[in-house]
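Chains, contacts and geometry: an overview
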Amino acid sequence: MLHIIWTIVGLLIVLGVVVFVHEAGHFMAARWAGVRVNAFSIGFGPALLQWKDKHNTVWKLCCLPLGGYVSIYGQEDMFHRKKYADLPKAKKIGHYLSVPAWKQFIIIAAGVMMNFILAWVIYSADFMFRPRSVQLPVVGQVVRDSIAFKAGVKPGDIIMKINNTSIDNWGELIIAKELSAKKNADVLVARKNKLITVQLQPALRWGLIADGSKKTEPHTKSFFKALYSGLRETYHQSKTLLVVLKQIITGERSSKQLGSFITIAQISGHALEIGFFAFMAIIALLSVNLGVINLLPLPVLDGGYLLILFIEAIIRRKLDGKAMDIVIAVGWILILLLFLFTMWNDIARVFKLG
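The following paragraphs examine the structure supplied in this document.

Cut-offs used in this document
- Residues numbered from 1 in each chain as written.
- Predicted model: local features only at pLDDT ≥ 70, side-chain atom pairs only at ≥ 80, totals over all residues.
- Heavy atoms only, no water.
- Axes fitted to C-alpha atoms, helices over the stretch in contact; angles between N-to-C directions.
- Helix = DSSP H or I, 4+ residues; strand = E, 2+ residues; numbered from the N terminus.
- Parallel < 35°, antiparallel > 145°, perpendicular 65-115°, else oblique.
- Left-handed = near helix turned anticlockwise from the far one by under 90°.
- Contact = heavy atoms within 4.5 Å.
- Nonpolar A, V, L, I, M, F, W, Y, C, P; charged D, E, K, R; others polar.
- Expected span 1.5 Å × (residues − 1).
- Buried < 20%, exposed > 50% of the residue type's maximum accessible area, 1.4 Å probe, protein only.
- 1 Å grid on protein atoms, 1.4 Å probe; cavity = no way out; pocket = protein on both sides within 12 Å on 5 of 7 lines; lining within 4 Å.
- Points joined across faces, edges and corners; volume = space filled by probe spheres on them.
- Phe/Tyr/Trp six-rings, centres within 6.5 Å; stacked < 30°, edge-to-face > 60°.
- Lys, Arg positive; Asp, Glu negative; His and termini not counted.
- Salt bridge = Lys/Arg side-chain N within 4 Å of Asp/Glu carboxyl O.
- Polar contact = N/O pair within 3.5 Å; in protein donor to acceptor, adjacent residues only side chain to side chain.
- Pairing = 2+ DSSP bridges.
- Patch = residues over 30% accessible without salt bridge, like charges linked within 9 Å, V, L, I, M, F, W, Y side chains within 5 Å.
- Areas by Shrake-Rupley, 256 points an atom, 1.4 Å probe, with all protein chains shown as cover.
- Arc of directions from axis to C-beta.

Where helix α3 (residues 101–129) meets helix α6 (residues 223–250), the closest approach of the two axes is 7 Å, and the angle between their N-to-C directions is 130°. Classified by the angle their axes make, α3 and α6 are oblique. Here the hand of the crossing between α3 and α6 comes out right-handed. Residue-level contacts link Phe116, Ala119, Trp120, Tyr123, Ser124, Phe127 and Met128 of α3 to Phe223, Ala226, Leu227, Ser229, Gly230, Leu231, Glu233, Thr234, Gln237 and Ser238 of α6. In terms of residue class, the contact of α3 with α6 is built from 10 nonpolar, 6 polar and 1 charged.

Rendered as structure tokens:
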């Protein structure tokens with residue numbers, strides 16, 4: 001029973017924080033641009049709590065806490081500019097289309113940027129306040145007859161690079177190995193003051209075991225070093241997600257790895273039970289994921305709207321009319337299908353179906 005409580009609480013906190021920060025980005029950018037915000041909602045469906053501020057923005061906490069939205073005045077007229085043109089002058093004040101395209105771009109991009117900033121702040125704080133020892137990329141053992149064994153990797157080798165990506169610790173080695181997926185990996189190792197390149201074939205496991213004695217002393221990082229490390233970690237997590245998505249699309253990875261809010265709930269609940277730092281790391285990771293996913297150039301996602309603004313800037317005319325309505329409708333259908341697919345993956349996993 002306690003585990004279920006942790007799971008529910010973990011999901012509510014993680015989604016609440018990540019969604020609030022994302023929507024707050026849109027909200028603050030709209031206010032800065034002079035565009036009116038009709039509503040700011042955490043969750044969907046009937047409101048459990050709601051109030052109106054002095055700018056006539058309705059703030060809502062709704063009963064289905066699986067997302068949220070900011071309702072920006074006039075944004076729905078983006079592809080129906082005649083409606084905007086026909087509005088009385090007084091009603092054009094604070095309208096989304098009343099501001100130039102570059103401000104519209106900032107309003108749309110601000111949500112994603114806030115997600116990346118949140119992740120950067122959390123990762124940086126983690127490096128600054130949590131003492132940690134780093135496992136150096138020194139090979140302790142090589143499993144006999146493994147991929148690494150056949151390629152000639154030996155105990156004592158120091159992994160310097162994987163596919164031209166510098167490796168500073170064992171965690172980065174694991175990430176680089178994941179990114180190589182089903183392609184050969186060129187691994188640069190240091191062995192007795194010599195640099196040697198070996199090629200490891202794609203495999204689930206390379207057969208490398210870290211030398212547990214080769215660790216740094218537990219320490220925290222200074223403010224500026226923590227900021228750099230946090231930024232680097234945010235970049236690595238973003239890049240990893242993009243590569244994984246590409247591999248799923250190309251069939252290099254199974255699409256069964258995709259999960260819905262059920263997966264998020266289970267991971268969040270487990271992290272909450274482990275402790276504060278683990279839980280904050282999950283918030284940072286989900287924030288990165290939301291940022292990256294929203295940047296995909298699909299209709300209804302932020303990336304889709306940014307792409308449309310970019311195209312309009314190039315062709316020097318506005319995309320308008322029923323054709324764009326169809327594009328947006330298709331986008332919603334794709335999002336719904338993806339939601340149902342990830343839900344099925346989680347249900348099949350939980351109940352061991354197939």
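With that settled, the discussion passes to helix α10 (residues 322–350). The terminal C-alpha atoms of α10 lie 42 Å apart, and with 29 residues this matches the ideal 42 Å at 1.5 Å per residue to within 8%. Residues of α10 that are buried include every one of Met324, Ile328, Gly331, Thr342, Met343, Asn345, Asp346 and Ala348, and no others. Summarising the contacts, the buried residues of α10 are in contact with α7 (261–274) and α9 (302–315). Among the residues trailing α10, Lys352 stands out with phi positive, at a value near 55°.

Following the criterion strictly, the structure yields 1 cavity of 30 Å³ or more and no others. Taken together, Thr165, Ser166, Ile167, Glu172, Ile175, Ala176, Leu179, Arg232, His236 and Lys239 make up the full set of residues lining the largest cavity. When residues of the lining of the largest cavity are traced back to their parent elements, those giving at least two are β5 (165–166), α5 (170–180) and α6.

Turning to the packing of aromatic side chains, a few remarks are in order. Per the stated rule, a full pass over the model turns up 9 aromatic pairs. Consider the rings of Phe20 and Phe40, whose centres lie 5.5 Å apart with planes at 50°: the pair is tilted. One end of the pair, Phe20, is in helix α1 (residues 2–33); the other, Phe40, is in strand β1 (residues 37–52), and 20 residues separate them in sequence. Taking relative accessible area as the criterion, Phe20 reaches 40% and is therefore assigned partly exposed. With 6.5 Å between their ring centres and 15° between their planes, Phe79 and Tyr305 make a pair best called stacked. With Phe79 in the loop between β2 (58–72) and α2 (81–85) and Tyr305 in helix α9, this pair connects stretches of sequence that are 226 residues apart. Grouped by ring-pair contacts, the aromatic residues Phe20, Phe27, Phe40 and Trp59 constitute a single cluster.

Turning next to the side chain of Asp211. Residue position: Asp211 is located in the loop between β8 (208–210) and α6. Notably, Asp211 is buried but unbridged: the nearest opposite-charge side chain belongs to Lys214, and the N-O separation is 4.9 Å. A polar contact is formed between the side chain of Asp211 and the side chain of Ser213, at a distance of 2.7 Å. Once residues lying within four places of it in the same chain are set aside, the contact partners of Asp211 are Gln135, Val138, Val139 and Gly140.

Turning our eyes to something else, we now look at the pairing of strand β6 (residues 185–191). Taking burial as the measure, the 7 residues of β6 include 5 buried ones, the bulk of the element. As judged from the 4 bridges shared by strand β4 (residues 158–162) and β6, these two strands associate in the antiparallel manner. Considered in β6, the bridge of Ile162 is made with Val187. As paired elements, β6 and strand β7 (residues 194–200) share 7 bridges and run antiparallel to each other. Directly across from Leu188, in β7, lies its bridge partner Thr197. Taken together, β6 and the strand that follows it, β7, pair antiparallel across an intervening segment of 2 residues, in which Lys192 is found at a positive phi of about 50°.

Structurally, Lys192 is set in the loop between β6 and β7. With 54 residues separating them in the primary sequence, Lys192 and Lys246 have C-alpha atoms 38 Å apart.

Let's shift gears to the sheet that holds β5. Reading across from one edge, β5-β4-β6-β7 is the order of the 4 strands in this open sheet, with antiparallel pairing throughout. Looking at the sheet topology across the chains shown, the edges are occupied by β5 and β7.

On to a nonpolar patch on the surface, then. On the surface, a nonpolar cluster with roughly 830 Å² of combined accessible area is contributed by Leu298, Ile326, Val330, Ile333, Leu334, Leu336, Leu337, Phe339 and Leu340. In this fold, Leu334 is placed in helix α10. The exposure class assigned to Leu334 is partly exposed, which follows from its relative accessible area of 43%.

This part takes up α7. Between the first and last C-alpha of α7 there are 20 Å, a value that for 14 residues agrees with the 20 Å anticipated at 1.5 Å per step. Among the residues of α7, Ala265, Ser268, Gly269, Ala271 and Leu272 are the ones counted as buried. One side of α7 carries all its buried residues, which in axial view fall inside an arc of 165°. Immediately beyond the C-terminal end of α7, within one or two residues, lies Gly275, with a positive phi of roughly 155°.

Turning our attention to the pattern of salt bridges. A side chain of one charge can pair with a side chain of the opposite charge when the charged atoms of the two come close. The full count for this structure, using the stated rule, is 10 salt bridges. The partner of Lys82 in a salt bridge is Asp86, with the nearest N and O atoms 3.0 Å apart. With a shortest N-O distance of 2.8 Å, Arg191 and Asp157 are connected by a salt bridge. A residue pair is termed long-range when its members are at least 10 positions apart, and Arg191 in strand β6 and Asp157 in the loop between α4 (147–151) and β4 qualify at 34 residues. Residue class for Asp157 comes out buried when judged on its relative accessible area of 1%. Linked by salt bridges that have partners in common, Arg81, Glu312 and Lys318 make up one network.

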